[in-house]
Amino acid sequence: MDSLTQIVLGASVSEACLGKKLGNKAIIWGAIAGTIPDLDVFLKYFYDPITTTELHRGFSHSVVFFAIISPLLAWLAMQIHKRRSDISFKAWTWMFFLVTLTHALLDAHTTWGTQLFWPFEYRVTYKNIFVADPLYTLPFIILLIMAMFKKKTDPKRRKYNNWALIVSTSYMALTFAFKGVGYYQFSSALDERGIEYIEMDTKPTPLNSLLWNAHVETKDGFLVGYYSLLDSKEIKFQKKIPKNHHLLKPYENQEAVKQLKRIATNWYFIEQVNGQQLIFTDMRFGQFGFEEGDPFLWRYELNINDKGKVKVKRLNFSPQGKMGNLFGDLWSRIMGN
């Protein structure tokens, strides 16, 4: 999730653990600890862009990392709060562990997911919420701020913070229900058309949980469709996108190509620009828009030299003047077809 949401979640979890003793200092500690797993963004200064992408939400979002960092943060907190003999090392450690763990658990609900069980390569990802969702974050912030303005001994402080956790968690549970409805509608539409498919991947579109996107893998290509819970017409799938995976066959043993395939988890297609250049499109992060032909956000240029060596370059996405229309188009599509 976005940094603001992670700060709020960390602050709220810390408040639940130590708020009665520390008051707003618990919120500050939770806000700080809630951002620590995302410090893996600094990997970009040590690795190439492709490796940085692959490592994102890896070790720093794992139970192993939380078990290591939590006692270290607890030791630091005890050095700063030396006079607080009423808070044990165990209590500090447990608070930091819960804050960092819930950070990763929240990220697991997004498209990219988390490598929670590092060093195993498996990523935990539910794809039921967009990386930024105001309906999750705004009530959370409001209730947490209400708690902050109450004294640490005031019962209302705990009440407001508990409601912050309950409301946000309830909304998260609701997005699973919405995802289930979307999945059912997409699968029904495919069955009605007699379309055979291998796998289907569904996820919410930006900033909401009402409009859902489906990527459907068939034997030789991908279908893309959108469904809003407010739709009144049947689902339309865009023209099939050819996979063209065979174009990577001569280069599949090169590490750069292996990395791209691992990152995309099979949701990619290839376009041949000319004999010495291929375009690798990672579909998982969606299109810029909701119509057939709208560009996908994550694309890589594969340049092949005379010796067959592949050099990968991330293509920067340029909306070309469409940014101003995007939110209007999004709202219009959310409200139904």
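In case you missed it, the structure is sitting above this.
Values in this document were obtained by computation on a predicted structure and should not be read as measured data.

(A) Representation of the overall build of the protein chain. Tallying secondary structure elements over the protein chain gives nine helices and eight strands in all. Along the three orthogonal principal directions, the C-alpha set of the protein chain runs to about 70 × 55 × 35 Å. Counting across all 337 residues of the protein chain, residues that qualify as buried make up 49%. Here the contacts in the protein chain between residues at least 6 apart in sequence split such that 55% fall between residues at least 24 apart. If you average the places of the 40 positive and of the 30 negative side-chain charges in the protein chain, the two averages end up 10 Å apart.

(B) The layout of surface pockets, seen in detail. Put simply, the largest pocket is a space of about 750 Å³. Along the wall of the largest pocket there are 30 residues; nearest its centre are F130, V131, P206, F285 and L297. Sorting the residues of the lining of the largest pocket by element identifies β1 (199-204), β6 (277-287), β7 (296-304) and α9 (323-334) as the ones contributing at least two each. No other element matches the four residues that β6 contributes to the lining of the largest pocket. Looking at the lining of the largest pocket residue by residue, the classes come out as 17 nonpolar, nine polar and four charged. Put simply, the second largest pocket is a space of about 620 Å³. Elements with a minimum of two residues in the lining of the second largest pocket: α3 (49-55), α7 (155-192), β1 and α8 (255-264). For the lining of the second largest pocket, the leading source of residues is β1, giving four residues. Considered class by class, the residues forming the lining of the second largest pocket number ten nonpolar, seven polar and nine charged.

(C) Spotlight on the nonpolar core. Among the nonpolar cores identified, the biggest contains 40 residues, and L18, F66, W92, M95, F96 and Y136 are the most heavily contacted of them. Counting residues per element, the ones that place at least two in this core are α1 (3-22), α2 (24-33), α4 (63-80), α5 (89-107), α6 (134-148) and α7. The element best represented in this core is α5, accounting for eight residues. Discounting residues that sit within four places of it in the chain, Y136 has contacts with M1, T5, L9, L106, I129, S168, Y171 and M172. Counting residues in each nonpolar core, the second largest holds 18 residues, with W112, L248, Y251 and Y268 among its members.

Reading guide: rules and limits
- Residues numbered from 1 in each chain as written.
- Predicted model: local features only at pLDDT ≥ 70, side-chain atom pairs only at ≥ 80, totals over all residues.
- Heavy atoms only, no water.
- Helix = DSSP H or I, 4+ residues; strand = E, 2+ residues; numbered from the N terminus.
- Buried < 20%, exposed > 50% of the residue type's maximum accessible area, 1.4 Å probe, protein only.
- Contact = heavy atoms within 4.5 Å.
- Lys, Arg positive; Asp, Glu negative; His and termini not counted.
- Charge placed at Lys NZ, Arg CZ, Asp CG, Glu CD.
- 1 Å grid on protein atoms, 1.4 Å probe; cavity = no way out; pocket = protein on both sides within 12 Å on 5 of 7 lines; lining within 4 Å.
- Points joined across faces, edges and corners; volume = space filled by probe spheres on them.
- Nonpolar A, V, L, I, M, F, W, Y, C, P; charged D, E, K, R; others polar.
- Core = buried A, V, L, I, M, F, W, Y, C linked by side-chain atoms within 4.5 Å.

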